[in-house]
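Chain residues, written in single-letter form:
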Amino acid sequence: MSKVSEKIHLTHWDYLKIAVPFIISTVTQPLLGAVDTAVVGRLSDPAYIAGVSVGSVIFNTMYWLFGFLRVSTTSYSAQAYGKESERDRTTAFFRPCSIALIVGLGFIILQNPLFKATMSILSPEKEVQSFTGTYFYILIWGAPFVLVNYVILGWLMGQAKLKMALFMQISGNVLNILLDLLFVQYFNMNVGGVAAATLISQVVTFMIGAGFIVMHGKFDKEEMKIKSILHRSSLMAMMRVNADLMVRTACLLIQTNLFTATSASYGTLMLSANAILHQIQYVISYMFDGLANASSFYAGKAAGQRQEALLKACWRKTGEWVGIFILCITPVYVLLRKELILLFTDIGEVIRLAGSYDLWIALYPLIAGIGLAFYGVFTGTAVTRPVRNSTIMALGLSILVWAAAVPIWHNHGLWLSLLSFYFGRSLFLIVQLKKTRLIMNSQKEGEDLYARAT
């Protein structure tokens, strides 16, 4: 029986079979940053926390800008899966992989100007800048591995190779955590140990993923040729498709860097306290991102099969599980928020300061959940312009709130501006949901996977 003729009824169990592995896989990513922060948070100086936090912002800025390599690869891989197209399955992997390698090597070549530029923008205190430099100049060598890992993960997810994606993600992250503890707690390598642990885990994760691709990737040999992979018009079409996601990510980075730079202007203690709360926020974000990945899979499958009923079922299940997550996550956080802060540090001043602002995170699931999860429906169908436009509008709203609130309420105003950004993302995106149906009527048989979405 072909995939097109399968039943299109989407049950909660169907959705969870995809969503749970995605949630487990994605939530391990921010847990790495959380463990990094917690490990250095046990050291005597809050500057260690601030140094790792600023270093993380730099790499988030670099990598998030090219996060489309995972997101769009998942989308196109899922569409190829729905169509049962070997040709589309091949281009969905090798074209973004070529971009990942080029960009990753570019980051290594440009490491010095990248570091100097970010230090001039964020302007941390000198001691923090020193720790950040140690972190950055070790971890920069992992750039090609990180970006290629995005492609491998995205392709495996789109092909419903969930166990492989889960094993690849979790094994690398568990190794990172163990090496963090070994290098920092036993070898006293401090920030350098955290960076070395992460670099090693990135390389190991790539090796595992590459092994899965070699063993299980069924590709069209003609499409694997360099001439086909680097075909100019096809690469340009791919970049046009991903331009919307790049703009969206650029807006996210502007918001994140504005938050970090403002935190740094309040001093090392405030930067450290905000960094801890930000790590908790990231973990919650990635829980919803797991829902987004599941929705992206089903939306991509619906687009590949041109099944509008499956797409609408995906809408419903996404909304229902967003509500369930909000009802579960919020009370758990409120009850355990003090204990969560203690997991990150034993420095009394940082604990007290973080506790003054921790209730802002309690609002985050309700405000951000819709935008974080329904984002996957848009990327799955490759209808990305609404994602771009909604994020631009959300950033504008956030900047207005930042300009008005920060001078009056200081760090409380900063958190208000951050949450207004996520409120805008949810509001401005959900009103455009019906536009994801456009892909159903725009595909032509035999048309290039990327070209048809431009």
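Check the entry above for the structure.
Residues numbered from 1 in each chain as written. Predicted model: local features only at pLDDT ≥ 70, side-chain atom pairs only at ≥ 80, totals over all residues. Heavy atoms only, no water.

J.: Sorry if this is basic, but what is going on with the pattern of salt bridges here?
T.: Should their charged atoms come close, side chains of opposite charge can pair. Across all of its chains, the model carries seven salt bridges by this definition. Notably, a salt bridge pairs Glu308 with Lys312, separated by 3.6 Å at the nearest N-O pair. Placement of the pair is Glu308 and Lys312 together in helix 13 (residues 308-344), with a separation of four residues, close to one helical turn. Here Lys312 falls in the partly exposed class, since its relative accessible area comes to 32%. Between Asp358 and Lys338 there is a salt bridge, with its nearest N and O atoms 3.2 Å apart. You can see Asp358 sitting in the loop between helix 14 (348-355) and helix 15 (360-380) and its partner Lys338 sitting in helix 13, a full 20 residues away along the chain. Residues joined in a network through salt bridges with shared partners are Glu308, Lys312 and Arg437. (Salt bridge = Lys/Arg side-chain N within 4 Å of Asp/Glu carboxyl O. Helix = DSSP H or I, 4+ residues; strand = E, 2+ residues; numbered from the N terminus. Buried < 20%, exposed > 50% of the residue type's maximum accessible area, 1.4 Å probe, protein only.)

J.: Can you help me understand the environment of Thr268 in this one?
T.: Along the chain, Thr268 turns up in helix 12 (residues 268-305). Residue classification places Thr268 among the buried residues on the basis of a relative accessible area of 13%. Residues Thr268 and Val128 lie 140 residues apart in sequence; the distance between their C-alpha atoms is 7.9 Å. With residues near it in sequence (within four places) discarded, Thr268 still touches Pro46, Ala47, Ala50, Glu125 and Val128. (Contact = heavy atoms within 4.5 Å.)

J.: Explain the packing of helix 12 against helix 15 here, please?
T.: Geometry of a packed helix pair, given as the angle between the helix axes and the separation of the axes. At a closest axis distance of 7 Å, the pairing of helix 12 and helix 15 adopts a crossing angle of 30°. Comparing their axes, helix 15 and helix 12 come out roughly parallel. Relative to helix 15, helix 12 is oriented so that their crossing is right-handed. Where helix 12 approaches helix 15, its residues Leu277, Ile280, Gln281, Ile284, Ser285, Phe288, Leu291, Ala292, Ser295, Ser296, Ala299 and Gly300 are matched on the opposing element by Ile361, Tyr364, Pro365, Gly369, Leu372, Ala373, Gly376, Val377, Thr379 and Gly380. (Axes fitted to C-alpha atoms, helices over the stretch in contact; angles between N-to-C directions. Parallel < 35°, antiparallel > 145°, perpendicular 65-115°, else oblique. Left-handed = near helix turned anticlockwise from the far one by under 90°.)

J.: Help me out: how do you make sense of the side chain of Ser201 in this one?
T.: Assignment of secondary structure puts Ser201 in helix 9 (residues 190-216). Here Thr198 takes part through its backbone oxygen, which lies 2.7 Å from a polar atom of the side chain of Ser201. What Ser201 contacts, discounting residues up to four positions off in sequence, is Gly172, Leu175 and Asn176. (Polar contact = N/O pair within 3.5 Å; in protein donor to acceptor, adjacent residues only side chain to side chain.)

J.: Help me out: how do you make sense of helix 5 (residues 111-122) in this one?
T.: Look at helix 5: 17 Å from first C-alpha to last across twelve residues, which is about the 16 Å you get at 1.5 Å a residue. Every buried residue of helix 5 is listed here: Gln111, Phe115, Thr118, Met119 and Leu122. The buried side chains of helix 5 occupy one side of the element, clustering within an arc of 100° when seen end-on. Seen from the buried face of helix 5, the exposed residues on the opposite side, beyond 90 degrees, are Lys116, Ser120 and Ile121. Looking one or two residues beyond helix 5, the residue adopting positive phi is Ser123, at roughly 50°. (Expected span 1.5 Å × (residues − 1). Arc of directions from axis to C-beta.)

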